[in-house]
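One-letter residues, chain by chain:
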Amino acid sequence: MSLPSQRVRDSAIFICSRAEHVSIQTEGVQKAADYLTSEVLSLSCNETQLGDADIDPKGSDQDRTDWIFFISALNFCFWRSDTIYLVVFRDREYSGYRGFCAAVARAVQAGIPLYRPEFYSQISEARLGELLKPEVGEIPLCMKRTQILREVGSVLCEMGGSFLPLVLSCQGSTQRLVSSVLDKFPSFRDESPSTHEPGRQVYFYKRAQILSADLWYHFKGSGPGAFHDINELTMFPDYRVPQVLYSLGAISYSPELMGIIKRGQQLEAGGKIEQELRGTSVRCVEVLKELIIARLGEVGLDKARENGWEINSVSLDYFLWRYSKRERIKVETSVPHHRIITTFY
Ligand SMILES: Nc1nc2c(c(CN[C@H]3C=C[C@H](O)[C@@H]3O)cn2[C@@H]2O[C@H](COP(=O)(O)O)[C@@H](O)[C@H]2O)c(=O)[nH]1
């Protein structure tokens, strides 16, 4: 079987060749590549970060690795149809994914070792709900989150109580790490039968891939984040980056899909439209990457590196996701994000 990220790339090419509701826009993707090229030449990578030091993982390498694993295990569905998931921590408001990170930091500050497998392998739904409680309402999918934590927590406890040894055993390969995570933790198996061709499987692996990327990012490419094949990873197909690609004009939607999204209607998990949104996003970022590398040339790539940019799918994905925060109004007014109840993203 091919490497896991290659399976994602191959699925994306296949889905794009059959897609009816989502397509890459030839002109729009060129414009988006122009924009991203000028951004990596003029902005340092640090300037695009969101200043989240308060909510970042802290402690020893083992603590931070377990913290990042915990976040990845629950890195899905932070939207709600009634109100946003909002957490206040140290007088600052955080919403969505960052709200979740803030809730984890809040628990740790209160002396609760929430990210430790021995703690969460036994956690109850009520306790988890209390620890991740937003300002208004509840964390979405609390029961599913509890089940996932119990599943991954008990596997980690059997393996000695930490995720760090597994990371180190992968010897700097994201592909080995993604494969091991998929093998040991069924809740990371983000794949489904193709809705375009019976008998075919399509793969996305959003949480398993972003886990490797977040280790690389957090440890600045060394220690548990030293990966020699970081460029293998694809972007992480979630509900935010497709919205950004749409707002940049790089992808477009059929009138039917546009209607569904504008009405705030939920899509079917694992259905045709979802596969098209995710597969096209993966392919679109691959195309953008090639275009940006060609535009930069050797000299431009060196200049981008001086600004802290490696041009790979991970850094483009991070850029696009953060763009949804920096340019929130622009993105939100162009199109809402698609809605699916899922534990994959
Ligand atoms: N493709 C992609 N999806 C990402 C992220 C992140 C955060 N990663 C940070 C970690 C280290 C770096 O600093 C990254 O910036 C969260 N998500 C997804 O977004 C959704 C939530 O969105 P919202 O409701 O707006 O907060 C949800 O599906 C969540 O799983 C990313 O980077 N790429």
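Note that the structure is a prediction, hence the values are computed from the model and not measured. (Residues numbered from 1 in each chain as written. Predicted model: local features only at pLDDT ≥ 70, side-chain atom pairs only at ≥ 80, totals over all residues. Heavy atoms only, no water.)

Novice: An account of the site of the ligand is needed here, citing residue identities and associated values.
Specialist: Taken together, 18 residues are adjacent to the ligand, and N75, K206, R240, D317 and K325 come closest. At 3.0 Å, a side-chain N or O of R322 approaches an oxygen atom of the ligand. Protein burial of the ligand: of its 660 Å² of free accessible surface, 95% is covered by the chains. When contributions to the shell around the ligand are tallied by element, the ones reaching two or more residues are helix 4 (96-109), helix 10 (206-218) and helix 14 (313-326). At five residues, the largest contribution of residues to the shell around the ligand is made by helix 14. Broken down by class, the residue content of the shell around the ligand amounts to nine nonpolar, two polar and seven charged. (Near = heavy atom within 4 Å. Polar contact = N/O pair within 3.5 Å; in protein donor to acceptor, adjacent residues only side chain to side chain. Areas by Shrake-Rupley, 256 points an atom, 1.4 Å probe, with all protein chains shown as cover. Helix = DSSP H or I, 4+ residues; strand = E, 2+ residues; numbered from the N terminus. Nonpolar A, V, L, I, M, F, W, Y, C, P; charged D, E, K, R; others polar.)

Novice: I'd like to hear about the packing of helix 2 (residues 26-42) against helix 14, residue by residue, with values.
Specialist: Here helix 2 crosses helix 14 at 90°, and the two axes come no closer than 13 Å. Taken together, the axes of helix 2 and helix 14 lie roughly perpendicular to each other. Contact residues: Y35, L36 and E39 in helix 2; F319, L320, Y323 and R326 in helix 14. The class makeup of the residues in the contact of helix 2 with helix 14 is five nonpolar, no polar and two charged. (Axes fitted to C-alpha atoms, helices over the stretch in contact; angles between N-to-C directions. Parallel < 35°, antiparallel > 145°, perpendicular 65-115°, else oblique. Contact = heavy atoms within 4.5 Å.)

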